[in-house]
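# Descriptive structure summary
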Amino acid sequence: MKPVCVLGNGQLGRMLRQAGEPLGVAVYPIGLDAEPESVPYQRSIITAEIERWPETALTRELSHHNAFINRDIFPLLADRLPQKQLLDTLGLATAPWKLLSAPDQWPYFFSELGDFIIVKRRTGGYDGRGQWRIRPGKEADLPAEIYGECIVEQGIPFSGEVSLVGARNSHGKSVFYPLTHNLHQEGILRTSVALPNTNPQLQRQAEEMLSSIMEHLNYIGVMAMECFIVGDDLLINELAPRVHNSGHWTQNGASISQFELHLRAILDLPIPQPEILSPSVMINLIGTEINPEWLSLPLVHLHWYGKEVRPMRKVGHLNLAHPEQDILKATLNSLMPLLPAEYQNGLEWAQNKLS
Ligand code: ATP
Ligand code: MG
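Residues numbered from 1 in each chain as written. Chains lettered and ligands numbered in written order. Predicted model: local features only at pLDDT ≥ 70, side-chain atom pairs only at ≥ 80, totals over all residues. Heavy atoms only, no water.

### Quick look at the overall build of the protein
Counted only if it meets this: Only DSSP runs of H or I with at least four residues qualify as helices, and only runs of E with at least two residues qualify as strands; both kinds are numbered from the N terminus onward. Values of the radius of gyration come from C-alpha atoms, whereas the globule rule sets the reference at 2.2 Å times the count of residues to the power 0.38. Summary of the burial criterion: residues with accessible area below 20% of their type's maximum are buried, those above 50% are exposed, and those between are partly exposed, where the area comes from a 1.4 Å probe applied to protein chains only. Any two residues whose heavy atoms approach within 4.5 Å are treated as being in contact. Reported accessibility uses the Shrake-Rupley method at a 1.4 Å probe radius. Residues are deemed covered only where the shown protein chains occlude them.
The helix and strand inventory of the protein stands at 10 helices and 16 strands. Against the globule reference of 20 Å for 355 residues, the protein gives a C-alpha radius of gyration of 20 Å, in line with a compact fold. Taking the principal axes of its C-alpha atoms as reference, the protein extends roughly 55 × 50 × 40 Å. By the burial criterion, 55% of the 355 residues in the protein qualify as buried. Sequence separation of at least 24 residues holds for 63% of the intrachain contacts in the protein that already meet a minimum separation of 6. When the accessible surface of the protein is split by element, carbon and sulfur atoms take 49% of a total near 15400 Å².

### Side note on the coordination of the magnesium ion (ligand 2)
As a reminder of what qualifies: Only nitrogen, oxygen and sulfur atoms qualify as donors, provided they sit within 2.8 Å of the metal or within 3.2 Å for Na, K and Ca; with water excluded from the atoms, sites may seem incomplete. A four-donor site is classed as tetrahedral when every donor-metal-donor angle falls between 85 and 135 degrees; four donors are called square planar, and six octahedral, when trans pairs exceed 155 degrees and all remaining angles lie between 65 and 115, with any other arrangement labelled irregular.
Distances from the magnesium ion (ligand 2) to its protein donors, namely Glu-226 (OE), Glu-226 (OE) and Glu-238 (OE), fall within the range 2.0 to 2.6 Å. Classification of the site at the magnesium ion (ligand 2) rests on its six donor atoms, whose angles at the metal span 52 to 162°, yielding the label irregular. With Glu-226 in strand 12 (residues 221–230) and Glu-238 in strand 13 (residues 233–240), the pair connects residues that are 12 residues apart, well separated along the chain. A relative accessible area of 11% places Glu-226 in the buried class.

### Some remarks on the sheet that holds strand 7 (residues 150–154)
In plain terms, the rule: If DSSP finds at least two bridges between two strands, the strands pair. A fitted line through C-alpha atoms represents every axis, and for helices the fit uses only the stretch in contact; the resulting angles, taken between N-to-C directions, go from 0 to 180 degrees.
The four strands lie next to each other as 4-7-5-6, forming an open sheet whose pairing is antiparallel. The open sheet has two edge strands with one neighbour each: strand 4 (97–100) and strand 6 (131–134). Ignoring strand direction, the axes of neighbouring strands in this sheet form an average angle of 25°. Direction of pairing for strand 4 relative to strand 7: antiparallel, over a ladder of four bridges. In the strand pairing of strand 7, Leu-99 is matched with Ile-151. On the sheet, helix 5 (residues 106–113) packs against strand 4, strand 5 (117–121), strand 6 and strand 7 and is oriented at approximately 170° with respect to strand 4.

### Here we look at the site of ligand 1
Here is the rule: Nearness of a residue to a molecule or strand requires only that one of the residue's heavy atoms be within 4 Å of it. Distance and chemistry together define a polar contact, namely a pair of N or O atoms within 3.5 Å, with one atom able to donate a hydrogen and the other to accept it when in protein, and with adjacent residues in sequence counting only for side-chain atoms on both sides. Amino acids outside the nonpolar list (Ala, Val, Leu, Ile, Met, Phe, Trp, Tyr, Cys, Pro) and the charged list (Asp, Glu, Lys, Arg) are all regarded as polar, and Gly is one of them. As used throughout, domain bounds are those supplied by an automatic or database domain assignment.
Every one of the 20 residues lining ligand 1 counts as a neighbour, but Lys-120, Asp-127, Gly-128, Glu-161 and Glu-238 are closest to it. With respect to ligand 1, the side chain of Asn-237 contributes an N or O atom lying 2.9 Å from an oxygen atom. In isolation ligand 1 has 610 Å² of accessible area, and contact with the protein removes 92% of it. Elements with a minimum of two residues in the shell around ligand 1: strand 5, strand 6, strand 7, strand 12 and strand 13. Of the residues in the shell around ligand 1, the class split is five nonpolar, seven polar and eight charged. Both domains that meet at the shell around ligand 1, namely domain 2 (96–154) and domain 3 (160–354), each give it at least three residues.

### Thoughts on the packing of helix 9 (residues 325–335) against helix 10 (residues 344–354)
For the record, the criterion: Roughly parallel here means an angle under 35 degrees, roughly antiparallel means over 145, roughly perpendicular means 65 to 115, and every remaining angle is called oblique.
Interhelical geometry of helix 9 versus helix 10 gives an angle of 170° and a closest axis separation of 10 Å. Regarding the angle of helix 9 to helix 10, the classification is roughly antiparallel. Residues Gln-325, Leu-328, Lys-329, Leu-332, Asn-333 and Leu-335 of helix 9 touch helix 10, and the partners they reach there are Leu-347, Ala-350, Gln-351 and Leu-354. Split into classes, the residues belonging to the contact of helix 9 with helix 10 amount to six nonpolar, three polar and one charged.

### A short note on the nonpolar core
Where we set the bar: Within this scheme, the nonpolar core is defined by two criteria: the residues are buried Ala, Val, Leu, Ile, Met, Phe, Trp, Tyr or Cys, and they are joined through side-chain atoms within 4.5 Å.
Membership of the largest hydrophobic core comes to 34 residues, with the highest contact counts inside it found for Val-4, Leu-261 and Ile-266. Taken together, the elements giving at least two residues each to this core come down to strand 1 (4–7), helix 1 (11–23), strand 8 (160–168), strand 11 (188–194), strand 12 and helix 8 (258–266). Per-domain counts for this core show at least three residues from each of domain 1 (4–68) and domain 3 (160–354). Those residues in contact with Leu-261 that sit more than four places away from it in its chain are Ala-167, Val-175, Tyr-177, Val-222, Ile-256, Ile-271 and Pro-274.

### Looking at a negative patch on the surface
Worth spelling out the cut-off: Like charges are joined within 9 Å and nonpolar side chains (Val, Leu, Ile, Met, Phe, Trp, Tyr) within 5 Å, but only among residues with over 30% relative accessible area and no salt bridge; these make up the patches. The salt bridge criterion pairs a side-chain nitrogen of Lys or Arg with a carboxyl oxygen of Asp or Glu, the two atoms within 4 Å. Residues scored as charged are limited to Lys and Arg (positive) and Asp and Glu (negative), so that His and the chain ends carry no count. Note that the charge is assigned to NZ on lysines, CZ on arginines, CG on aspartates and CD on glutamates.
Together, Asp-33, Glu-35, Glu-37 and Glu-61 line one region of the surface with negative charge. Here Glu-35 is to be found in the loop between strand 2 (27–30) and strand 3 (45–48).

### Focus: the pairing of strand 8
Within strand 8, nine of the nine residues are buried, which leaves it mostly tucked inside the rest of the structure. The two faces of strand 8 match: Gly-160, Val-162, Leu-164, Gly-166 and Arg-168 on one face and Glu-161, Ser-163, Val-165 and Ala-167 on the other face are all buried. Sheet topology note: the strand 8/strand 12 ladder contains nine bridges and is antiparallel. Counterpart to Arg-168 in the pairing with strand 12 is Gly-221. Relative to strand 10 (residues 180–185), strand 8 runs antiparallel, the two being bridged by three bridges. Residue pairing in the sheet places Ser-163 in a bridge with Thr-180 of strand 10. Two elements, strand 8 and strand 9 (residues 174–176), share three bridges in a ladder whose sense is antiparallel. Directly across from Arg-168, in strand 9, lies its bridge partner Ser-174. Counting the residues between successive antiparallel strands, the hairpin from strand 8 to strand 9 contains five residues, one of them, Gly-172, with a positive phi of roughly 85°.

Set out below in structure tokens:
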């Protein structure tokens, strides 16, 4: 089987490499400043764990390579402006938005979008970075340099957030995981819950939306779509042309993980519908030192990324899956004293989703 080169060497590349191992697929996550000669890219399929990259010797070489799957889709989705335009073109519901070009637009934005507006950098933001929440009067606090670099979005009073992770292959076949429920705090994903039996109406709506996007782009591999739930409907928040944090539960809760599914899709291997046999919970470890006590709980799967621990940095995650929700909830109870105070909300939220 062909090797796979992954542009980027963070945790997503690492987990793609881990998923390739049992399949006999050699996966090489590559730092952006690697010497092109040191990388077997000429004989590999190329993918990326990031959406946007600076120009380096390596990225210059790879960005012209024909084996770079979805090569021309990354620039389109990595910039919120063309991404939003794409959703509008396809007639898919998204938070109402405008391009932020000049400070004198603010009265117009407040009259069009209401009193709670989120400013988002077009490129480079993640985990809630590069965003400002603005109410009338607060717009003066924004740095002058962001005009032209951001969009504004209506603040959506959602009842919940979900994401759909799916994959498409070169023959146009698509498969999807059940919707994942996500809890974000300060713009960063803290906890996810996935249930084998989701609301069929929302699941269908989400699958139709993501299918039409992947079809339109002729996309190959795993894509994630983050949504807000408003009433009985979904609004698309954003798209990620890669494996996604809200799909990490699939490593231990699905017959095929999102990482393996991505490799299968880009290598043109079979992509049957993954089986999901039990509810799953994923807890992001954010700025927290490793605690071997987590391993005293038999349902806990620790995925530690081996990164230096810094505040607000994702350094690992815990996956739990069990067919009996009560047993999962009891494990979450046992985890409470083993995690710092800022995790308690997320653990209780997950328990409520399970009941
Ligand atoms: P990611 O790490 O997923 O790439 P991000 O930094 O790119 O995140 P978004 O997903 O756009 O940013 O926003 C992060 C979170 O902020 C969302 O999951 C949601 O909780 C909140 N948020 C974003 N946009 C809106 C909105 N228009 N209305 C209400 N809340 C929002
Ligand atoms: Mg997001």
